[in-house]
Amino acid sequence: MLRYSLKRLASLIVSLAVASLVIFSVVEVAPGDPARFMLGINAQPDTVAALRAELGLDVPKWQRYLDWVGGMATGDFGTSYTYRTPVAQMVADRLWVSLPLALYALMLSTLIAFPAGIFAAARRGRPADAAVMGVTQLGIAIPNFWFAMMLVLIFAIKLRLFGAGGFAGWDKGAWAAMKSLTLPAVALALPQAAILARVMRSALLDVLGEDYMRTARAKGLSRRQALWRHGVRNALIPVLTIIGLQFSFLLAGSIIIEQVFYLPGLGRLVFQAISSRDLIVVESVVMLLVFAVIVVNFLVDLAYAAVDPRLRSRT
Amino acid sequence: MSRNLILGAALSSLILAAALISFVWTPYDFAAMNIPEKLQTPNARHWFGTDHFGRDMFSMIMVGARTSIAVALVAVGIGMGLGVPLGLAAAARKGSWLDEVIMRGNDLVFAFPSLVIAILITAVYGAGAINAIIAIGIFNIPVFARITRGAALSLWEREFIMAARVAGKSDARISVEHILPNVVNLLIVQGTIQFSLGILAEAGLSYVGLGAQPPTPSWGRMLADAQTMVSFAPHLALIPGLAIIVTVLGLNLMGDGLRDWLDPRIRAARA
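The name that an unreviewed UniProt entry assigns to chain B is Peptide/nickel transport system permease protein, with the source organism given as Jhaorihella thermophila. Listed in UniProt under the heading Sequence similarities (unreviewed entry), the comment for chain B reads: "Belongs to the binding-protein-dependent transport system permease family." Of chain B, the UniProt comment under Subcellular location (unreviewed entry) reads exactly: "Cell membrane".

You'll find chain A entered in an unreviewed UniProt entry as Peptide/nickel transport system permease protein, with Jhaorihella thermophila given as the organism. As its UniProt record puts it under Sequence similarities (unreviewed entry), chain A is described as follows: "Belongs to the binding-protein-dependent transport system permease family."

What follows is the structure in C-alpha cells.
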C-alpha cells in the first residue's frame, strides 16, 4: 500500500508541475500587456516601464514562473494587478461561496441519485425502472444554466420562495447563506444526479449477477437484505470514482451557474480578472481548480486501493 | 433496431434538417429587427414568437442549430482525427515509452476541468466559434485515444492480426487495415456521445459570451439574452433551452441505440 501511495504521489506531483507549466504558458503568451492595458493607450513609455517593474513583469518569464509556483507552494499567490490586494485573500473570500456551493450540490446529487439508482436496479426491466431511466436520460440532456433560469422563473419570480440571485453572505447567518445557495445547488446537482443514478443502477446490476449474491440469498437473506448488505456495498466502488470525477464538473459548472445567480464566487472572479487582464488572478484561480481536481482524483485512487487490494498491484 | 435508436435518430434528424434547410430558407431573415412586433409569444405568424428586437425566434433557432452542429461536429473531428491515431499507435507499441507518454498525456488532459480550460482558452485568445471549437476539441482527443487504445489492445491478441503479421505487414499497416475497421463501431457510438457533449459545451460557452459572436445566432447566447426578460417573456428562455434538450436527448438516445444495435453480443442476447 505504501509503495502504491508513493507511486501515485509522484505522478500527482508531475501532473501538478506540468499543469502549472501549461497554465502559465497559455496565459503568458496571450496578447496584451497588463501594464499597458491598465494605463491606457496614451501612456508614456517610461510610465509603462515603471508599472511593469512594480508588477514584477520586467524579470524573465522563467523566473516569474518559478516565483509564481514557489509562492503558491507557500500560500503566497502574488498580488492582483488591478486591486493591489493579495490574490490569496481574494481567492479565500470567493472560496467561501464556491466551495460550499460545490459541496452542497454534491450532497444533493448523491441524495437524489442513490435512492433512484437502487430503486431502478431493484425493479430492473419493470415500468418503474423504465421511468427512472427516462427521467435520467432527460436530466443528462438539460443544460444546468437553463435549468437554473427555469428554477429562478418558478421559485423566485412566480412563487417568491427564494431570491433570484446574489449571495446573502455568511455574516447574515448560515440559514440565509444556505438559502441563497439552494437554487444554484439544485441546478448544479440535477444533471449530475441523473448521471450518478445511471452509474449506481448499472454498478448494482453488475453486482447482482455475482455468485456471492446468490450465496447471500441461499443463506436465507431476503432480496432486500441481500441487496442492501452485499449489493449496495460492493456497487459503491465504481460509484465513488464517478463522485470524484463529478467534483470537477461541479467546480466547472459552478463557474457558469455563478453567472446565472450573480454569486460572488471563483467563477465571477475569473471573468472579472480576464476582462481586466489581471493575469496573475486568472492563473492562480485556474491552477487552484486544477489542483483541487487532481488532488480529489488522487484521494479517490487511494480510497479505492484501500478498499480493494487487487488494485494496488496495477498502477 | 430499438425504440431508442428510432426516437433518437428522429429527434437528431429534425434538428439536422432545420440546420440544413436554414441555408436555403428561413421564415424570416434571422437578423432582421422589427421593433413593432417585438416580444410576441408564439403565434401563427411567428411560430416561436419574437425577441426584444422583434427578430423571428423560429428563424434564429434554425440558424442557431447550424452553429451548434458545426462547432460540435468539428470538435469531434479534432478529437477523432488526433485521438484515434494516438490510440492506435499506443496500442501497437504497448508498454513502450510512446505508449507511456500518450497515456500519461491523456491522464493529464483528463485532470483539467474541461470547461474551466475552455473558458481560459476562449477568454485569453478571444471569444469566437473557432476558439470554442479548439477548446472543446482538445478534450475530445484523450477520450478517443483511450477508447481506441483499449479496443485495439484486445484485437492485437487475436489470430487474424497474428496472420497479418506473419504475412509481413508492418504494424502501421495492420493498425489501419485490420485494427481500425474493427473499432469503427465503437468510435461511431463514442462520436455520437461526444457530439452531444459538444452541443452542451458550446451552449455553455456562448451563454457566458465566449462562443460564436453576434450576429451569428447561437442557442447559448439566445439564453443569455433571455435571462433579464425571463419574468415577462419566458418563451425567449424556454424555446432555445428546449432546442438544446431535444438535440442532446436525440443524440444520446441514438448513441445508446447504436451501441446496442452495433454490438453483436447484445443483439444475440436479445434474439
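Draft legend 1. Structural context of the environment of B:S175. Residues and elements named next belong to chain B. Tracing the sequence through the fold places S175 in helix α7 (residues 171-207). A relative accessible area of 6% means that S175 is categorised as buried. With near-sequence residues (within four places) excluded, S175 lies in contact with L88, A92, W156 and L180.

Draft legend 2. Examining the UniProt feature "transmembrane region" (unreviewed entry) in chain B more closely. Residues and elements named next belong to chain B. Feature annotation in UniProt assigns "transmembrane region" (unreviewed entry) to the following positions: residues 6-28, 69-92, 112-139, 183-212 and 232-255. Helix makes up 83% of residues 183-212 and strand 0%, and the two end C-alpha atoms of the span are 33 Å apart. A helix fraction of 88% and a strand fraction of 0% characterise residues 232-255, whose end C-alpha atoms lie 38 Å from each other.

Draft legend 3. Structural context of helix α8 (residues 174-208) of chain A. Between its first and last C-alpha, α8(A) extends only 42 Å over 35 residues, short of the 51 Å set by a 1.5 Å rise per residue. Where α8(A) bends most, at A:T182, the angle is about 40 degrees, and the proline A:P184 comes one to four residues later.

Draft legend 4. Region of interest: the pattern of salt bridges. If you walk through the whole model with that rule in mind, you get 11 salt bridges over all chains. Note that B:R149 is salt-bridged to B:D99, the shortest N-O span being 2.8 Å. Separated by 50 residues along the polypeptide, B:R149 in helix α5 (residues 129-156) and B:D99 in helix α3 (residues 97-111) bring together distant segments of the chain. Here B:R149 falls in the buried class, since its relative accessible area comes to 18%. Its relative accessible area of 4% is what places B:D99 among the buried residues. Between B:R259 and B:D256 there is a salt bridge whose closest N-O contact spans 2.9 Å. Pair noted here: B:R259 and B:D256 are both in helix α9 (residues 235-262), with a separation of 3 residues, about one helical turn. Accessibility expressed as a relative area gives 40% for B:R259, which makes it partly exposed. A relative accessible area of 14% places B:D256 in the buried class. Residues participating in the shared-partner salt-bridge network are A:R198, B:D256 and B:R259.

Basis of the calculations
- Numbers given for residues are sequential positions, taken from 1 along each chain in its written order.
- Each chain gets a letter, beginning with A, and each ligand a number, beginning with 1, in the order they are written.
- The predicted nature of this model means local features are confined to residues of pLDDT at least 70 and side-chain atom pairs, given and counted, to a pLDDT of 80 or more, with totals for whole chains, interfaces and linings taken over all residues.
- Side-chain numbers come from the whole structure's heavy atoms, not from hydrogens or water.
- UniProt positions are given in the numbering used here, feature names are shortened, and annotations may be inferred rather than shown by experiment.
- A run of H or I in DSSP counts as a helix once it spans at least four residues, and a run of E counts as a strand once it spans at least two, with each numbered from the N terminus.
- Buried residues are those whose accessible area, probed at 1.4 Å on protein chains only, stays under 20% of the maximum for their type, while exposed residues exceed 50% and partly exposed ones sit between those limits.
- In what follows, residue pairs with any heavy atoms lying within 4.5 Å of each other are defined as contacts.
- In this analysis, the expected span of each helix is defined as 1.5 Å times one less than the number of residues it contains.
- Take the seven residues that end at a residue and the seven that start at it, fit an axis to each, and the angle between those axes is the bend at that residue.
- Salt bridge, as used here: a side-chain nitrogen of Lys or Arg that lies within 4 Å of a carboxyl oxygen of Asp or Glu.

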